[in-house]
Amino acid sequence: MSVVSIEAPRTYEAWYMSSCSVIKSYMSRRSVTPVITLTVKTTGLKKREVENLGHYEFMAYIGVPYFRWGGMDTTDKLASLCGVEKGKRVLLVGCGTGYSAFHLAKNYECEVVGVDISNFLITVAQEKVEEMGLGGLVSFEVGDAHDLQFDDGSFGVVLTESVVIFLDKERALLEFARVLRPGGFLGISEIYQADDAPEEVSNRIEEAARMLSENVGVEVTVPTPRQWIGHMSDAGLQSIQTEKQEIGLTSGDWAEVVGRAGVARVSLKAMYYLLRSKKIRGRLQRDKRVREMFMEDETTKKFFGPLLCVGTKPG
Ligand SMILES: C[S@@+](CC[C@H](N)C(=O)[O-])C[C@H]1O[C@@H](n2cnc3c(N)ncnc32)[C@H](O)[C@@H]1O
């Protein structure tokens, strides 16, 4: 018998995992197009259904609360750079299961609208709204970052965490700028590679990005800070500032927010699917390899890391 050595992914609180199977219906868009009613089952899926989930959907399914480079400290830093405060209307693009949306509403008393392209993730997020007691402040809807269903100037702040590397940056940033009101802030929390990264490091970053692409099904590129600033500037934003983050401090340590029971629960679920599904095993092994290549290689770490980039729409 061959023994496969596998390590469960680092895990977090399974705070949104419901205890029973829930079927939710919701409207995907608020526009003039006919209302599309979708049914998404977020718990108790069969093995084949679990295999068909996207990478981040699977992570949510096993109980991972957020999927990004920075932890909540990074979210707070971004919020502070963008002047998030009571009364502000904030759009969170690519909100996943809504962990940051709840955090922002709870801690800053701002109104948050979360948008994500995944029906599954939005349904999980919506299931938590009432439970969190934030019904008046937080709402979620399915939507594409490249084609947001909001009027021009609808938001005082647009935030996005670990999403733009998956997007057509030019189109998406123009769209973010469109829905911002004049004087509003766009804040993105992403990753960068240094302008002066040696070829060997650039190749490693490219290889890690390729593996990430394989997991998420879209092309991933890692811009330099100068390129990030260029993308913001091309979208018409001004007073652009970037802030590099320490990789060790902002690695999004899920365990911190979930506690031991959450870690154990998610690890067990991950282990179950690692053993039962070759497809999921391949994905999680690639995920682990990407993290090692990006975060643990001492040379790469000197030329790579999380980055906050903030700009304002001219008033
Ligand atoms: C790395 S996850 C980050 C999720 C969340 N921001 C967080 O911090 O946990 C990337 C997210 O972007 C979403 N996404 C990818 N492409 C998108 C698009 N075109 N429009 C909206 N969301 C998108 C994915 O569904 C996923 O939830």
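Notes on the structure follow. (Residues numbered from 1 in each chain as written. Predicted model: local features only at pLDDT ≥ 70, side-chain atom pairs only at ≥ 80, totals over all residues.)

## Some words on the environment of Ile188
Okay, so step 1: Topologically, Ile188 is positioned in strand β7 (residues 180–193).
Okay, so step 2: Among the residues examined, Ile188 registers 28 C-beta atoms within 10 Å and is labelled buried.
Okay, so step 3: Here the alpha-carbon distance between Ile188 and Trp228, two residues 40 residues apart in the chain, equals 9.7 Å. (Helix = DSSP H or I, 4+ residues; strand = E, 2+ residues; numbered from the N terminus. Buried ≥ 20, exposed ≤ 12 C-beta atoms within 10 Å, placed from the backbone.)

## Focus on the environment of Asn52
Okay, so step 1: With respect to the helices and strands, the residue Asn52 is situated in the loop between α1 (47–51) and α2 (55–62).
Okay, so step 2: Separated by 228 residues in sequence, Asn52 and Ile280 have C-alpha atoms that sit 9.5 Å apart.

## Looking at the site of the ligand
Okay, so step 1: Within the structure, the ligand sits among 21 residues, and Tyr66, Arg68, Gly94, Gly96 and Ala145 are positioned closest to it.
Okay, so step 2: Partitioning the shell around the ligand into residue classes produces 11 nonpolar, 6 polar and 4 charged. (Near = placed C-beta within 6 Å. Nonpolar A, V, L, I, M, F, W, Y, C, P; charged D, E, K, R; others polar.)

## Some remarks on the nonpolar core
Okay, so step 1: Within the largest apolar cluster, 85 residues are counted, with the highest numbers of intra-cluster contacts made by Val90, Leu91, Leu104, Val112, Val158, Phe176 and Leu186.
Okay, so step 2: Counting only domains with at least three residues in this core, you end up with domain 1 (23–65 + 251–291) and domain 2 (72–249 + 300–312).
Okay, so step 3: Not counting residues up to four positions away in its chain, the partners in contact with Val112 are Val90, Leu92, Ala101, Leu104, Ala105, Leu137 and Val138. (Core = buried A, V, L, I, M, F, W, Y, C linked by C-beta atoms within 7 Å. Domains from an automatic or database assignment. Contact = placed C-beta atoms within 7 Å.)

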